[in-house]
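Chains, contacts and geometry: an overview
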Amino acid sequence: MWDELQFSLSLIVSGLSIGLMYSLIALGFVLVYKATDAINFAQGEFVMLAGFVAAVALGDKVPVLAAVAIAVAVMVVFSFALERVVLRPLLGRPIVAVIMATIGLGAILRGLPAITVGGQTRALSLPIGDTPFVFGPIFLPPIQVLGVVVTLAFLGIFSWFFLKSRMGIAMRAVADNQQVAMAMGINVERYFALAWAMAGIVSALGGVIWGSMLGVDTQLALVGLKVFPVVILGGLDSIVGAVVGGLIVGVVESLAAGYLDPYVGGGTKDFAPYVLMIVALMFKPYGLFGTHRIERV
Amino acid sequence: MLHRESGVFKTSYAADMALYPLPIARKAVALIIVLFAVVLPLSLDEYYLSVVNLVLIAIVGALGLNILVGYTGQISVGHAAFMSVGAYTAANLAVHLHLPFWLTLPAGGLMAALIGAIVGIPSLRIKGLYLAIATLASQLIIEWIINHTPAISGGAQASIQVPRPEFMGREIKTQGQLYFFLLFFAVLATLATLNLVRSRIGRAFVAIRDQDIAAEIIGINIFRYKLLSFAISSFYAGVCGVLYTYYFGIANYEAFQIGVSIDFLAMIIIGGLGSVLGTILGATFVTMLPIVLRLAMEPLGGLFFNAGQLSSIIASTRLILFGCLIILFLVVEPEGLNRLWRNIRNYFRVWPFSY
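A quick note: this is a predicted structure, and the numbers were derived from the prediction, not measured. (Residues numbered from 1 in each chain as written. Chains lettered and ligands numbered in written order. Predicted model: local features only at pLDDT ≥ 70, side-chain atom pairs only at ≥ 80, totals over all residues. Heavy atoms only, no water.)

Section: the overall build of chain B
What counts is decided by this rule: In this description a helix means any DSSP run of H or I spanning at least four residues, a strand means any run of E spanning at least two, and both kinds are numbered starting from the N terminus. Our radius of gyration is a C-alpha quantity, and the globule rule it is checked against amounts to 2.2 Å times the number of residues to the power 0.38. Whether a residue is buried, partly exposed or exposed follows from its accessible area with a 1.4 Å probe, protein chains only, as a fraction of its type maximum: under 20%, in between, or over 50%, in that order. Only the protein chains shown count as cover for residues, and all accessible areas are computed by the Shrake-Rupley method using a 1.4 Å probe. Working convention for charge: Lys and Arg count positive, Asp and Glu count negative, and His plus the chain ends are omitted. Where a charge lies is defined by one atom per residue type, namely NZ (Lys), CZ (Arg), CG (Asp) and CD (Glu).
Assigned secondary structure in chain B consists of 15 helices and 4 strands. Taking 355 residues into account, the globule formula puts the C-alpha radius of gyration at 20 Å, and chain B, at 21 Å, falls close to it. Seen along its three principal axes, the alpha-carbon backbone of chain B occupies a region of about 65 × 60 × 45 Å. By residue count, 50% of the 355 residues in chain B fall in the buried class. Here chain B has roughly 17100 Å² of accessible surface; of this, 69% comes from carbon and sulfur atoms. Seen as two clouds, the 21 positive and the 15 negative side-chain charges of chain B have centres 10 Å apart.

Digging into the overall build of chain A
A tally of regular secondary structure across chain A gives 12 helices and 2 strands. The C-alpha atoms of chain A give a radius of gyration of 19 Å, which matches the 19 Å a tight globule of 297 residues would have. With the C-alpha coordinates aligned to their principal axes, the bounding extent of chain A is approximately 60 × 50 × 35 Å. Scored against the burial criterion, the 297 residues of chain A give a buried share of 55%.

Brief notes about a nonpolar patch on the surface
Residues and elements named next belong to chain B. The condition that has to hold: Put simply, a patch holds well-exposed residues, over 30% relative accessible area, that have no salt bridge, with like charges counted together within 9 Å and Val, Leu, Ile, Met, Phe, Trp or Tyr side chains within 5 Å. Only one rule defines a salt bridge in this text: a Lys or Arg side-chain nitrogen within 4 Å of an Asp or Glu carboxyl oxygen.
Residues Leu277, Leu281, Trp341, Ile344, Tyr347, Phe348 and Trp351 make up a contiguous nonpolar surface patch of roughly 660 Å² in combined accessible area. For the nonpolar patch, the secondary structure elements donating two or more residues are helix H13 (276-301) and helix H15 (336-349). At 4 residues, the largest contribution of residues to the nonpolar patch is made by H15. Among the secondary structure elements, leucine 277 is positioned in helix H13.

Things to note about the nonpolar core
One broad trend across soluble globular proteins is that nonpolar side chains are buried collectively. Note the cut-off: Put simply, a nonpolar core is a bunch of buried Ala, Val, Leu, Ile, Met, Phe, Trp, Tyr and Cys residues held in one set by side-chain atoms that sit within 4.5 Å of each other.
Grouped together as the largest cluster of nonpolar side chains are 200 residues, with contacts concentrated most on Met100(A), Met171(A), Trp210(A), Leu236(A), Leu243(B), Tyr244(B) and Phe264(B). In terms of residues, this core owes the most to one element, helix H3 (residues 46-71) of chain B, which gives 16 residues. Counting 5 residues, the second-largest nonpolar core is a separate cluster that includes Met297(B), Leu310(B), Ile313(B) and Ile314(B).

Section: the pattern of salt bridges
Residue and element names in this part refer to chain A. A complete count under the given rule lists 8 salt bridges over all chains for this structure. Notably, a salt bridge pairs glutamate 83 with arginine 88, separated by 2.9 Å at the nearest N-O pair. Bridged by salt links that share partners, the residues Glu83, Arg88 and Glu189 form one connected network.

Quick notes on the interface of chain A and chain B
Applicable threshold: Between two residues, a contact is recorded if the distance between any of their heavy atoms is within 4.5 Å. For any pair of parts, buried area is found by adding up, for both, the accessible area (1.4 Å probe) each one loses once the two are put together. For the purposes of these results, a polar contact is taken to be a pair of N or O atoms within 3.5 Å, where, inside protein, one atom must be able to donate a hydrogen and its partner to accept one; residues adjacent in sequence count only when each atom of the pair is a side-chain atom. Gly is put with the polar residues, along with every residue not named as nonpolar or charged; the nonpolar set is Ala, Val, Leu, Ile, Met, Phe, Trp, Tyr, Cys and Pro, and the charged set is Asp, Glu, Lys and Arg.
On the side of chain B, 41 residues touch chain A, which itself brings 47 residues to the contact. Taking both partners together, chain A and chain B bury about 3900 Å²; carbon and sulfur atoms supply 82% of that area. Counting across the chain A and chain B interface gives 0 salt bridges. Taken together, chain A and chain B are joined by 2 residue pairs in polar contact (both at pLDDT 80 or more). Those elements giving two or more residues to the side of chain A that touches chain B turn out to be helix H4 (95-116), helix H9 (223-234) and helix H12 (268-283) of chain A. With 16 residues, the single largest contributor to the side of chain A that touches chain B is H4(A). Across the side of chain A that touches chain B, the residue classes tally to 35 nonpolar, 8 polar and 4 charged.

Function cannot be read off these values alone, since they describe shape.
As structure tokens, then:
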């Protein structure tokens with residue numbers, strides 16, 4: 001009985017910490033959707049790209065913090081350029097166009113490593129050691145603890161940014177109604193670029209953390225597939241939703257892997273979140289915290 | 001050019017409705033028939049015919065996706081999953097019940113249509129991005145179920161060998177025979193689509209695409225037509241999956257993974273949404289791209305890379321080129337190859353006096 005309880009508890013805690021790390025990536029997704037109405041199917045590839053940049057920099061004997069800074073800088077520049085070159089011409093076009101553009105972008109990013117730096121798996125080791133943190137009966141690897149800390153820190157920064165800072169309030173105005181925001185003298189296009197840049201920063205940190213957990217190769221982009229259930233569950237345009245969705249998905253997949261895998265032969269981890277998402281969509285078509293769209297003819 | 005009219009000169013409804021408005025159209029159709037029925041099968045060798053066969057199969061699947069995405073405006077990222085449904089249905093029927101292809105083929109299509117309609121049910125409540133991700137979920141879920149249910153997937157490796165299709169008591173074995181087999185279905189699918197989109201159903205689809213609430217107000221039962229669109233589209237996908245199965249001689253879920261769904265989306269985007277000719281051009285283009293690339297890069301790439309690296313380099317180059325093309329078409333020519341073709345035709349219509 002006690003063992004059983006301890007097993008469940010450790011599954012749940014590990015799920016929560018993984019879930020928070022999903023939320024970190026999902027944040028990038030939500031920020032972009034909220035501000036610009038564009039969906040980014042290449043979020044996983046963003047994470048992968050950041051992982052590659054950091055891993056290659058570390059391989060060249062760059063100090064860790066500098067490598068992370070390089071990854072952040074590269075991702076910010078990349079997101080700016082992307083918004084400018086690809087997404088701005090697609091403003092106002094059907095959704096399928098934006099989806100396909102980001103899918104195409106994802107294909108490019110997945111192809112790039114092999115012909116530039118080589119596609120072999122790289123280690124991205126952060127100087128945090130291997131000894132697990134012990135909380136009573138529960139063990140957590142240090143990288144997960146770091147992920148939780150970084151995510152929580154970012155959530156704090158984002159809350160401050162959106163609630164208090166002038167730019168954050170302007171960004172909320174843009175997300176709320178682009179035309180009114182424009183009429184109030186907000187440079188909407190600048191905030192589109194800013195939203196993409198913030199998504200770039202989040203992806204860079206996500207890339208460093210996920211990369212050091214899973215190793216850096218093109219498979220890292222598959223983390224992006226986990227982001228969809230997270231954001232749909234939470235609601236595409238809700239930052240709170242991204243966090244709650246991440247926690248739910250993390251726990252569900254951890255429990256599914258712990259309890260169902262022995263019976264069906266593995267793989268439930270990637271499958272359970274999507275089933276949950278479909279069921280949730282039947283009852284809440286805009287996710288838990290998403291805004292209902294009122295359509296007019 | 002001399003053979004096309006340079007304006008509208010029709011004076012009667014009969015002339016306006018004519019199937020072949022100009023003599024040139026009749027000649028063009030005759031020429032195309034001769035090209036596909038005689039010239040191609042006689043002039044191409046086994047390898048090139050096998051490439052053409054792949055294109056023919058892709059045309060069937062891409063037409064189905066274009067009905068859903070291009071004409072009805074519902075996004076689906078799960079097209080390949082419906083293909084796998086058709087493929088495994090047909091393979092199981094062919095292996096366990098020894099049914100001939102003219103029964104397994106519609107059976108695979110119908111099964112896919114059924115599953116497609118079920119997946120389409122949420123489309124009444126959710127739309128746009130949420131729908132795209134819901135279909136993505138159905139892709140992953142169907143893939144997982146097939147892979148983890150030995151009763152469907154045939155156990156080990158999740159693949160089933162199927163016998164060659166038989167026609168009039170003879171096995172269809174060579175690429176040449178397969179060519180006519182597949183050509184029949186590609187033509188059938190094309191004609192069916194052309195007629196579907198100008199029927200009552202097709203008009204309803206277009207109305208839903210343009211504004212679904214407005215369509216509902218003018219009396220279109222959008223739930224029925226959205227489901228119908230999903231079902232028809234999945235039927236095509238199922239048939240396409242069955243054709244792949246007979247072509248490869250094996251049903252394997254790995255041939256129907258998410259990347260294939262994306263390839264088919266790319267076909268209709270590059271070809272042109274809501275256009276049958278565009279679908280055919282797009283399917284040809286996307287299917288040929290990796291083959292042409294490999295032909296071009298194998299001799300050239302050998303100069304720079306060793307053999308081991310080369311295959312991964314080619315695969316990556318294909319990905320990059322593929323992504324660039326999608327983005328290029330979306331940004332520069334959103335209406336795809338179909339539009340390019342029309343532009344060329346219109347340019348020559350009054351050439352050389354284009355004013």
